[in-house]
Amino acid sequence: MPNDQVAWFVTERSEALAGWLLTARKDVKVRSERKTDGGVDFLLEVSQDDKPSMRLFVVQVRGTTSSERAEWMASVNHLFQSSHGPFYTPACVLVVNVRDNKAFYAWAAEPRVRDGEVELHFDTSPQFRDLTPASVDEIVGCVNAWYDALPAVFMEKRA
């Protein structure tokens, strides 16, 4: 199989698997998928009570056929080089091995709430973890906690 066909297959399959894993929860919907290679593959929405919301987060997906972490890390390292990042909303990077259907994730812009303050934490040394249904629950929980805290922060700053 020629290289561009392999690359096409890896890209399409990795995005399909990532989308399937992330949307296995009923409250996570894909709002937008990549139309061009502009850097963000999915814009996801976490709905509340089956109603649309503005609780958005972005996901960048990288496909691989290698189980060697050092090999696929080379293809995603550039996404973690900035200590303040290009993101203004929570953002994850997913690596999907299309040979064994295993996926890993790390936050590029991790939503955090501390002492009533909200922030996006940009880790330049990401720790990739297995992407499982439980970790998708953790991702959605972090996103929800961040959005839950935002109104109070904005109202406090107005006062």
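Residues numbered from 1 in each chain as written. Predicted model: local features only at pLDDT ≥ 70, side-chain atom pairs only at ≥ 80, totals over all residues. Heavy atoms only, no water.

Engineer: Just checking my understanding: could you explain the overall build of the chain for this structure?
Structural biologist: On a plain count of helices and strands, the chain comes out with three helices and seven strands. The contacts of the chain with a sequence gap of at least 6 include a subset with a gap of at least 24, amounting to 56%. Counting only carbon and sulfur atoms, one obtains 52% of the accessible surface of the chain, whose full area is about 9400 Å². (Helix = DSSP H or I, 4+ residues; strand = E, 2+ residues; numbered from the N terminus. Contact = heavy atoms within 4.5 Å. Areas by Shrake-Rupley, 256 points an atom, 1.4 Å probe, with all protein chains shown as cover.)

Engineer: Looking at this structure, I do not really get the nonpolar core. What am I missing?
Structural biologist: Generally speaking, soluble globular proteins have nonpolar side chains that are buried together. Within the largest apolar cluster, 44 residues are counted, with the highest numbers of intra-cluster contacts made by Val-59, Leu-94, Phe-128 and Leu-131. Contributions of two or more residues to this core are made by helix H1 (3-22), strand E2 (42-46), strand E3 (56-64), helix H2 (69-73), strand E4 (91-97), strand E5 (102-114) and helix H3 (133-158). (Core = buried A, V, L, I, M, F, W, Y, C linked by side-chain atoms within 4.5 Å. Buried < 20%, exposed > 50% of the residue type's maximum accessible area, 1.4 Å probe, protein only.)

Engineer: Sorry if this is basic, but what is going on with unusual backbone geometry here?
Structural biologist: With the exception of glycine, most residues fall at negative phi, and the peptide bonds are largely trans. Positive phi values are uncommon outside glycine, yet Asn-101 reaches one of about 60 degrees. Owing to a relative accessible area of 41%, Asn-101 belongs among the partly exposed residues under this scheme.

Engineer: What should I look at first to understand the environment of Cys-142 in this one?
Structural biologist: Of note, Cys-142 is situated in helix H3. Taking C-alpha positions, Cys-142 is 9.0 Å from Pro-90, a pair spaced 52 residues apart along the chain. Residues within four places of Cys-142 in sequence aside, it is in contact with Trp-107 and Pro-111.

Engineer: Looking at this model, I keep getting lost on empty space enclosed by the protein. Mind explaining?
Structural biologist: Where empty space is left in the structure can be found by rolling a water-sized probe over the atoms. If you walk through the whole model with that rule in mind, you get one cavity of 30 Å³ or more. Residue lining of the largest cavity: 11 residues in total, with Gln-60, Phe-87, Ala-91, Cys-92 and Val-93 positioned closest to the centre. Elements supplying a minimum of two residues to the lining of the largest cavity: E3 and E4. Grouping the amino acids of the lining of the largest cavity by side-chain chemistry returns nine nonpolar, two polar and no charged. (1 Å grid on protein atoms, 1.4 Å probe; cavity = no way out; pocket = protein on both sides within 12 Å on 5 of 7 lines; lining within 4 Å. Points joined across faces, edges and corners; volume = space filled by probe spheres on them. Nonpolar A, V, L, I, M, F, W, Y, C, P; charged D, E, K, R; others polar.)

Engineer: Explain the pairing of E4 here, please?
Structural biologist: The element E4 is extensively covered by neighbouring structure, given that seven of its seven residues are classed as buried. Burial along E4 is two-sided: Ala-91, Val-93, Val-95 and Asn-97 and Cys-92, Leu-94 and Val-96, pointing in opposite directions, are all buried. Here E3 pairs with E4 via seven bridges, running parallel. Counted as the bridge partner of Val-61 is Leu-94 from E4. (Pairing = 2+ DSSP bridges.)

Engineer: Can you help me understand the pattern of salt bridges in this one?
Structural biologist: Considering all chains together, one arrives at six salt bridges under this definition. For the salt bridge of Asp-137 with Arg-25, the shortest nitrogen-to-oxygen distance reads 2.8 Å. With Asp-137 in helix H3 and Arg-25 in the loop between H1 and strand E1 (28-33), this residue pair connects regions lying 112 residues apart in the sequence. According to the relative accessible area criterion, Asp-137 is partly exposed, its value standing at 41%. A residue is classified by how much of its surface remains accessible, and Arg-25, at 23% relative accessible area, is partly exposed. Note that Glu-119 and Arg-114 form a salt bridge whose closest N and O atoms lie 3.9 Å from each other. On the basis of relative accessible area, Glu-119 is assigned to the partly exposed category, the value being 34%. One salt-bridge network, held together by shared partners, links Arg-25, Asp-27 and Asp-137. (Salt bridge = Lys/Arg side-chain N within 4 Å of Asp/Glu carboxyl O.)

Engineer: Would you mind going over the environment of Leu-79 with me for this structure?
Structural biologist: Mapped onto the fold, Leu-79 is located in the loop between H2 and E4. On the basis of relative accessibility, which here comes to 22%, the residue Leu-79 falls in the partly exposed class. As for Leu-79 and Cys-92, which are separated by 13 residues in sequence, their C-alpha atoms are 10.0 Å apart. Excluding residues that lie within four positions of it along the chain, Leu-79 makes contacts with Gln-60, Arg-62, Val-93 and Ala-108.

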